[in-house]
Amino acid sequence: MKQSVKLIVGNWKMHGVAADLVEARALIESVHDVRADCRIALCPPATLTDRMRQVLAGGRIELGGQDCHQAPSGACTGSVSAEMLVDAGATLVILGHSERRGAFGETNEEVSAKVEAAIAVGLEPIVCVGETLEQREAGQAAAIVSAQVEGSLADGLSERPFAVAYEPVWAIGTGLTPSLEQIAEVHAAVRSAMIRRLGQAARRAPILYGGSVKPDNAAEILGVSEVGGALVGGASLKAEDFLKIIRAA
Ligand SMILES: O=C(CO)[C@H](O)COP(=O)(O)O
């Protein structure tokens, strides 16, 4: 089965004010020369989305949100709806990131509802899953991640473009990464869970790896079976580092 091109996504998390758009500008200038056959996206904080759209206009870098509310509108102080992200120029959205599952108590059911909200307005969801260190040490990584996949993917995805991102919680921002064998093992489990949940249509969706992806480990991680791209946190904040990861794809 032909795999889609690699998808490399930078998640700026809660970093970035207007002055940091210089990094986005540097990136867009440098990616002109990159022959890599991959898709590239940046997910800035919601406040920068519209300005980032202007910076990225006409280029190959896609724009994403970091979360959206499951409701289309309403009394949800502080939240951003899927339609608002589209209005600001986003075409993708990260959902169910472990920082939201952990700090905001997001459940699989809520993530699934957010996925429905995203696809209803044409956003491409990137659904995040990942085990804690305790769960890995208890030998539960594949089971936990499979349950998250089956619980978080929504029915409508069988007809729509989407991605799943495997991000072991203990690898995020720590400089630690699983072995290549561990990444391959979990990605295979994720693929099986996707197919159980959505059927054969789920074969075409890429499974990204995230968690301490850096210029010096990107090539080997992206070479692992079933790794269809990368979700990059810290290393996406500097155009030079992110570009090296793109080149590795
Ligand atoms: O969100 C992530 C990438 O989008 C993930 O949390 C990894 O962060 P990093 O370890 O700083 O790359």
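The rules behind the values
Residues numbered from 1 in each chain as written. Predicted model: local features only at pLDDT ≥ 70, side-chain atom pairs only at ≥ 80, totals over all residues. Heavy atoms only, no water. UniProt positions renumbered as here; feature names shortened; annotations may be inferred. Near = heavy atom within 4 Å. Polar contact = N/O pair within 3.5 Å; in protein donor to acceptor, adjacent residues only side chain to side chain. Nonpolar A, V, L, I, M, F, W, Y, C, P; charged D, E, K, R; others polar. Core = buried A, V, L, I, M, F, W, Y, C linked by side-chain atoms within 4.5 Å. Buried < 20%, exposed > 50% of the residue type's maximum accessible area, 1.4 Å probe, protein only. Helix = DSSP H or I, 4+ residues; strand = E, 2+ residues; numbered from the N terminus. Contact = heavy atoms within 4.5 Å.

Looking up the protein chain in an unreviewed UniProt entry gives the name Triosephosphate isomerase, with the organism given as Brevundimonas intermedia. Its UniProt record gives the protein chain the following Subunit (unreviewed entry) comment, quoted word for word: "Homodimer." Turning to the protein chain, the UniProt annotation filed under Sequence similarities (unreviewed entry) states: "Belongs to the triosephosphate isomerase family."

### Structural notes on the site of the ligand
Close to the ligand lie 14 residues; Lys13, His97, Gly173, Ser212 and Gly234 are nearest. Here His97 contributes a side-chain N or O atom positioned 2.6 Å from an oxygen atom of the ligand. Contact distances for the ligand include 2.9 Å between an oxygen atom and a backbone N or O atom of Gly233. Looking at the shell around the ligand residue by residue, the classes come out as 4 nonpolar, 7 polar and 3 charged.

### Quick word on the nonpolar core
Counting residues in each nonpolar core, the largest one holds 65 residues, and the members touching the most others are Leu27, Leu153, Met194 and Ile246. Looking at this core element by element, the count peaks at 7 residues for helix H8 (residues 180-198). Counting 12 residues, the second largest nonpolar core, distinct from the first, contains Ala41, Ala163, Ala165 and Leu208.

### Side note on unusual backbone geometry
Even without glycine at this site, Lys13 takes up a positive phi of about 50°. Positionally, Lys13 belongs in the loop between strand S1 (6-11) and helix H1 (21-31). With phi around 55°, Ser212 is a residue other than glycine that occupies positive phi space. With respect to the element layout, Ser212 can be found in the loop between strand S7 (207-210) and helix H9 (218-222).

### Details of the UniProt feature "active site" (unreviewed entry) in the protein chain
Cross-referencing UniProt, the feature "active site" (unreviewed entry) maps to His97 and Glu167 in the present numbering. A maximum C-alpha distance of 8.4 Å places the annotated residues, which cover 71 residues in sequence, within one compact spot. The topology assignment puts His97 in the loop between strand S4 (92-95) and helix H4 (98-103). Ignoring anything within four residues of it in the chain, the contact list for His97 reads Asn11, Lys13, Cys128, Glu167 and Ile172.

### Quick look at the side chain of Lys114
Turning to its location among the elements, Lys114 is positioned in helix H5 (residues 108-120). In this structure the side chain of Lys114 is engaged in a polar contact, spanning 2.6 Å, whose partner is the side chain of Glu106. Once you skip the residues sitting within four places of it in the chain, Lys114 turns out to touch Asp67, Cys68, His69, Gln70, Leu95, Arg100 and Glu106.

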